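Chain by chain, the residues run as shown.
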Amino acid sequence: MMEHQKVCILIPTLNEEQSIGDIVRGFKSMGYDNILVIDGGSTDRTVEIAKREGAKVVMQEGRGKGAAIIQAFRMILEETDADAIVMIDGDGSYLPEDVEKLLKPILDGNADHVIGCRIAQKGAFRRINLVGNKILNRIFGFGYGIRLQDMLSGYRALTRECIEGIELKRRGFEVEAEMTIECVKKGFRIKEVPVTYRRRKGKTKLSPLRDGLRIGYTIYMLARTYNPLFYFGILGTVFLIAGLATGVYVVLEWFKGVTHVPLSVLTALLIISGIQFLVFGLLGDMMVALQRELMNALKRR
Ligand SMILES: Nc1nc2c(ncn2[C@@H]2O[C@H](COP(=O)(O)OP(=O)(O)OP(=O)(O)O)[C@@H](O)[C@H]2O)c(=O)[nH]1
Ligand SMILES: [Mg+2]
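Residues numbered from 1 in each chain as written. Chains lettered and ligands numbered in written order. Predicted model: local features only at pLDDT ≥ 70, side-chain atom pairs only at ≥ 80, totals over all residues. Heavy atoms only, no water.

Draft legend 1. Up close: the overall build of the protein chain. Looking only at helices and strands, the protein chain has 10 helices and seven strands in total. Principal-axis analysis of the C-alpha atoms places the extent of the protein chain at approximately 80 × 55 × 35 Å. Counting over 301 residues, the protein chain shows a buried share of 47%. Counting contacts in the protein chain only where the partners sit at least 6 residues apart, residues at least 24 apart contribute 76% of the total. (Helix = DSSP H or I, 4+ residues; strand = E, 2+ residues; numbered from the N terminus. Buried < 20%, exposed > 50% of the residue type's maximum accessible area, 1.4 Å probe, protein only. Contact = heavy atoms within 4.5 Å.)

Draft legend 2. Up close: the side chain of Thr-267. If you trace the backbone, Thr-267 turns up in helix H10 (residues 261-300). By relative accessible area, Thr-267 is classed as buried at 9%. In this view, Thr-267 contacts Gly-243, Thr-246, Gly-247 and Val-250; residues no more than four positions away in its chain are not counted.

Draft legend 3. Summary view of the site of ligand 1. If you check the shell around ligand 1, you find 22 residues, and the closest are Glu-16, Gln-60, Gly-90, Asp-91 and Thr-204. Within the contact set of ligand 1, an oxygen atom lies 3.0 Å away from a backbone nitrogen or oxygen of Gly-64. About the coverage of ligand 1: the protein hides 92% of its 640 Å² of free accessible area. Going through the elements one at a time, strand E1 (7-13), strand E2 (35-39) and helix H3 (65-79) are the ones with two or more residues in the shell around ligand 1. In the shell around ligand 1, the residues fall into seven nonpolar, seven polar and eight charged. (Near = heavy atom within 4 Å. Polar contact = N/O pair within 3.5 Å; in protein donor to acceptor, adjacent residues only side chain to side chain. Areas by Shrake-Rupley, 256 points an atom, 1.4 Å probe, with all protein chains shown as cover. Nonpolar A, V, L, I, M, F, W, Y, C, P; charged D, E, K, R; others polar.)

Draft legend 4. Just the environment of Gln-291, in detail. Secondary-structure assignment places Gln-291 in helix H10. Once the C-alpha coordinates of Gln-291 and Ser-93 are considered, the two residues, 198 residues apart in sequence, prove to be 42 Å apart.

Draft legend 5. Layout of the packing of aromatic side chains. The final tally for this structure, using the stated rule, is 15 aromatic pairs. Note that Arg-118 overlies the ring of Tyr-197, its terminal NZ or CZ placed 5.1 Å from the centroid. A cation over a ring is seen here: Arg-292 above Tyr-226, with NZ or CZ 4.5 Å from the ring centre. (Phe/Tyr/Trp six-rings, centres within 6.5 Å; stacked < 30°, edge-to-face > 60°. Lys NZ or Arg CZ within 6 Å of the ring centre and 35° of its normal.)

Draft legend 6. Fine view of the sheet that holds strand E5 (residues 113-120). Across the sheet, seven strands lie side by side as E3-E2-E1-E4-E6-E5-E7; this open sheet has mixed pairing. Of all the strands in the sheet, just strand E3 (56-59) and strand E7 (190-197) have a single pairing partner and so form its edges. The mean angle between the axes of side-by-side strands here comes to 20 degrees, regardless of whether they run parallel or antiparallel. Where E5 and strand E6 (residues 156-159) come together, three bridges link them in antiparallel fashion. Looking across to E6, one finds that Val-114 is bridged to Ala-157. (Pairing = 2+ DSSP bridges. Axes fitted to C-alpha atoms, helices over the stretch in contact; angles between N-to-C directions.)

Draft legend 7. Fine view of the packing of H3 against helix H7 (residues 175-186). Direction vectors running N to C along H3 and H7 enclose 50 degrees, while the axes themselves pass 9 Å from each other. What the angle tells us is that H3 and H7 run oblique. Contact residues: H3 offers Lys-65, Gly-66, Ile-69 and Phe-73, while H7 offers Val-175, Glu-176 and Met-179. Split into classes, the residues belonging to the contact of H3 with H7 amount to four nonpolar, one polar and two charged. (Parallel < 35°, antiparallel > 145°, perpendicular 65-115°, else oblique.)

Draft legend 8. Expanded view of helix H9 (residues 228-255). Counted at 1.5 Å a residue, the expected span for H9 with its 28 residues is 40 Å, and the 39 Å between its end C-alpha atoms agrees. Within H9, burial applies to Pro-228, Phe-230, Tyr-231, Phe-232, Gly-233, Gly-236, Gly-243, Thr-246, Gly-247, Val-250 and Glu-253. In this structure, the buried side of H9 is in contact with helix H5 (127-144), helix H8 (208-222) and H10. The first or second residue beyond H9 is Gly-257, which carries a positive phi of 95 degrees. (Expected span 1.5 Å × (residues − 1).)

Draft legend 9. Here's a closer look at the pairing of strand E4 (residues 84-87). Where burial is concerned, the two faces of E4 agree: the one with Ala-84 and Val-86 and the one with Ile-85 and Met-87 are both buried. As paired strands, E1 and E4 are joined by four bridges and run parallel to one another. By the bridge assignment for E4, Ile-9 is matched with Val-86.

Draft legend 10. A look at H10. Over its 40 residues, H10 runs 59 Å from end to end, which matches the ideal 58 Å to within 8%, given 1.5 Å per residue. Turning to H10, its buried residues number three or more, namely Thr-267, Leu-270, Gly-274, Phe-277, Gly-281, Gly-284 and Val-288. Taken together, the buried residues of H10 touch H9.

Draft legend 11. Inspection of the pattern of salt bridges at higher detail. Scanning the entire structure with this criterion turns up 24 salt bridges. Of the charged contacts, one joins Asp-22 and Arg-25 as a salt bridge, the two residues approaching to 3.1 Å between their closest N and O atoms. With Asp-22 and Arg-25 both in helix H1 (residues 20-29) and three residues apart, the pair spans about one turn of that helix. The exposure class of Asp-22 is partly exposed, given its relative accessible area of 41%. Taking relative accessible area as the criterion, Arg-25 reaches 40% and is therefore assigned partly exposed. For Glu-164, the salt bridge is made with Arg-160, and the minimal N-O distance between the two is 3.5 Å. Taken together, the residues span about one helical turn, with Glu-164 and Arg-160 both in helix H6 (residues 160-165) at a distance of four residues. For Arg-160, a relative accessible area of 16% gives the class buried. Shared partners join several salt bridges into a network, and the residues in it are Asp-22, Arg-25, Arg-52, Glu-53 and Lys-201. (Salt bridge = Lys/Arg side-chain N within 4 Å of Asp/Glu carboxyl O.)

As C-alpha cells, this is what we get:
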C-alpha cells in the first residue's frame, strides 16, 4: 500500500474561501499531510484559511488554472518524492473521501492516470456545462478513438512517471483536456472511476462559452499529429461545403443567364483546396501509421 506521505494533494484555488478549509481538513483527517494549494491571487481569505488548516500555500506566477498546475507539477517533482499526485478543485464540488477510489487503480498497478468521472447530484451541473461537456467528450472520442465519460473532470490522480512524461503548455481551463490527450499520445493508461459531484460553493471562474470553445479548439489542434485524418478531414470538409455552396449558387445564376466570374474562381479554389486538405489527411494518416509501426518494432527489440 502506498503510504499517505507518498501522495501529494494539489489544489488550485482562486477566491474559494467558502470551501478550501473543509477540503484541506478533510484530507488531513484521512492522514494526507502533503497538501499543496496553488493560489492564483485570491483577494479573499483563501490563502489565510488554507495555511491555518495546515496546507502549504504557493502563489502562482502568471494567470490561469493551467499555468498554476504546470508550475505546481514542476515544484512537486523537484521538491518532493511523491509517487502520486491527486488534483482536486478547491470549490467544494468534489469530496476528499473519494480519494481512495482514485488511488486504487494506481496502487493496483492498473492505471497511470485516473479520472474521477462525475456522478452529479441534482443541480450540480449548470445545463450549459452539462451539454458542453457531452459535446467535448464526443469530439475527443471521435478525434482520439477513445470513449471517456468525463475527460474534463477536476478530480484526478496521476503517477509520478505520468507527470514526468507528459508536456503541458495550455495555461487556462484547457489543462484537463491537454493532460488527457498527452496521456493518450504517450501511451499512459487512463481509467475512470465514479466520484460524487456537488454544486460548487462560491463563484465560478469558468466562462462556459469562451472556455468551452478554447477547450474544443485545443482538442482539435492537438489531434494534428495524432489523427491527421480527423484534423485535415474537418478542414477539408469545411472548404468543400463552402465550395459547394458557392458552386450551386453560380450554376443556378448561370441558368438564369447571369455569369459570376470571380465567384466561379473562388468556387474552384475552395473545392481544390478542400480536396487538397483531404489528401493531406490521408497522407498524414499513413505517416502516423508507419511511425507507430516503427515505434512498436523498436520497442519489441
Ligand atoms: N491557481 C489558480 N486556480 C484557479 C484559477 N482559475 C480557477 N482556479 C481554480 O480552479 C478550480 C476550478 O475552477 P472552477 O471555477 O470551479 O471551474 P469549473 O469547475 O470548471 O466550473 P464550475 O462548474 O462552474 O465550478 C477552482 O478551485 C478554482 O478556484 C487560476 O487562474 N489560478
Ligand atoms: Mg468547479
